[in-house]
Amino acid sequence: VTGVQTCALPIFPSTPQGLPVQSGIQPGITYRQQQLLALTAKLKSIDVKTCVAHFKISTATANRDLAFLETHGMLFRTGKGRSTQYHVESLKEEVT
């Protein structure tokens with residue numbers, strides 16, 4: 001397509017909640033997903049309900065973001081159903 005310009009979103013050093021933005025993350029990750037990773041690292045784990053409440057998003061959006069991050073190897077999942085927890089990949093040895 002000709003005449004289409006792309007624009008990269010600026011990376012901010014922190015959010016209003018004071019969560020740091022992780023640099024060096026794969027291209028294509030959204031700002032909210034970066035914040036989700038930072039929050040998960042801070043809390044050691046996160047579930048869909050916490051994600052929905054913190055980011056004020058729908059359950060479907062929270063599930064999509066968490067599934068995307070898991071698929072791309074940034075989070076891993078423990079449990080099933082409503083007891084599912086997501087953890088930062090770097091903490092895998094501590095949890096399992």
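Before reading further, recall that the structure is shown in the block above.
Criteria and cut-off values
- Residues numbered from 1 in each chain as written.
- Predicted model: local features only at pLDDT ≥ 70, side-chain atom pairs only at ≥ 80, totals over all residues.
- Heavy atoms only, no water.
- Helix = DSSP H or I, 4+ residues; strand = E, 2+ residues; numbered from the N terminus.
- Expected span 1.5 Å × (residues − 1).
- Buried < 20%, exposed > 50% of the residue type's maximum accessible area, 1.4 Å probe, protein only.
- Contact = heavy atoms within 4.5 Å.
- Salt bridge = Lys/Arg side-chain N within 4 Å of Asp/Glu carboxyl O.
- Core = buried A, V, L, I, M, F, W, Y, C linked by side-chain atoms within 4.5 Å.
- Axes fitted to C-alpha atoms, helices over the stretch in contact; angles between N-to-C directions.
- Parallel < 35°, antiparallel > 145°, perpendicular 65-115°, else oblique.
- Left-handed = near helix turned anticlockwise from the far one by under 90°.

S.K.: How would you summarise helix H1 (residues 31-43) if you had to cite specific residues and measurements?
M.R.: Given a rise of 1.5 Å per residue, 13 residues ought to cover 18 Å, and the 18 Å separating the end C-alpha atoms of H1 matches this to within 8%. All buried positions along H1 are accounted for by Gln33, Gln34, Gln35, Leu36, Leu37, Ala38, Leu39 and Thr40. Buried residues in H1 make contact with helix H2 (48-55), helix H3 (59-71), strand S1 (75-78) and strand S2 (85-88). Residue Lys44 follows H1 closely and has a positive phi angle near 80 degrees.

S.K.: Please set out the pattern of salt bridges residue by residue, giving values where relevant.
M.R.: For the coordinates displayed, the defined rule picks out 2 salt bridges. Here Asp65 ties to Arg32 by a salt bridge, and the two come within 2.6 Å at their closest N and O atoms. Here Asp65 is found in helix H3, whereas its partner Arg32 is found in helix H1, with 33 residues between them in sequence. For Arg32, a relative accessible area of 29% translates into the label partly exposed. Measuring nitrogen to oxygen at the nearest pair gives 3.7 Å for the salt bridge that ties Glu70 to Arg77. With a relative accessible area of 26%, Glu70 lands in the partly exposed category. Judged by relative accessible area, Arg77 falls into the partly exposed class, the value being 46%.

S.K.: Tell me what's going on with the environment of Arg32, and back it up with residues and numbers.
M.R.: Sequence spacing of Arg32 and Phe55 is 23 residues, and the spatial spacing of their C-alpha atoms is 7.9 Å. Residues in contact with Arg32, not counting those within four places in the same chain, are Phe55, Ile57, Thr61 and Asp65.

S.K.: Which residues make up the nonpolar core, and what are the values?
M.R.: By size, the foremost hydrophobic cluster in this structure holds 16 residues, and its most contacted members are Leu36, Ile46, Cys51, Leu66, Leu69 and Leu75. Mapped by element, the contributors of at least two residues to this core are H1, H2, H3 and S2. Those residues in contact with Leu75 that sit more than four places away from it in its chain are Leu37, Thr40, Leu66, Leu69, Glu70, Tyr86, His87, Val88 and Glu89.

S.K.: Give me the lowdown on the packing of H2 against H3, citing residues and values where you can.
M.R.: It is at 9 Å that the axes of H2 and H3 come closest, and there the two elements cross at 115 degrees. Our classification of the angle between H2 and H3 gives roughly perpendicular. Between H2 and H3 lies a crossing whose hand is right-handed. Facing H2, whose interface residues are Val48, Cys51 and Val52, H3 presents Thr59, Ala62, Asn63 and Leu66.

These results come straight from atomic positions and should not be treated as a statement about function.
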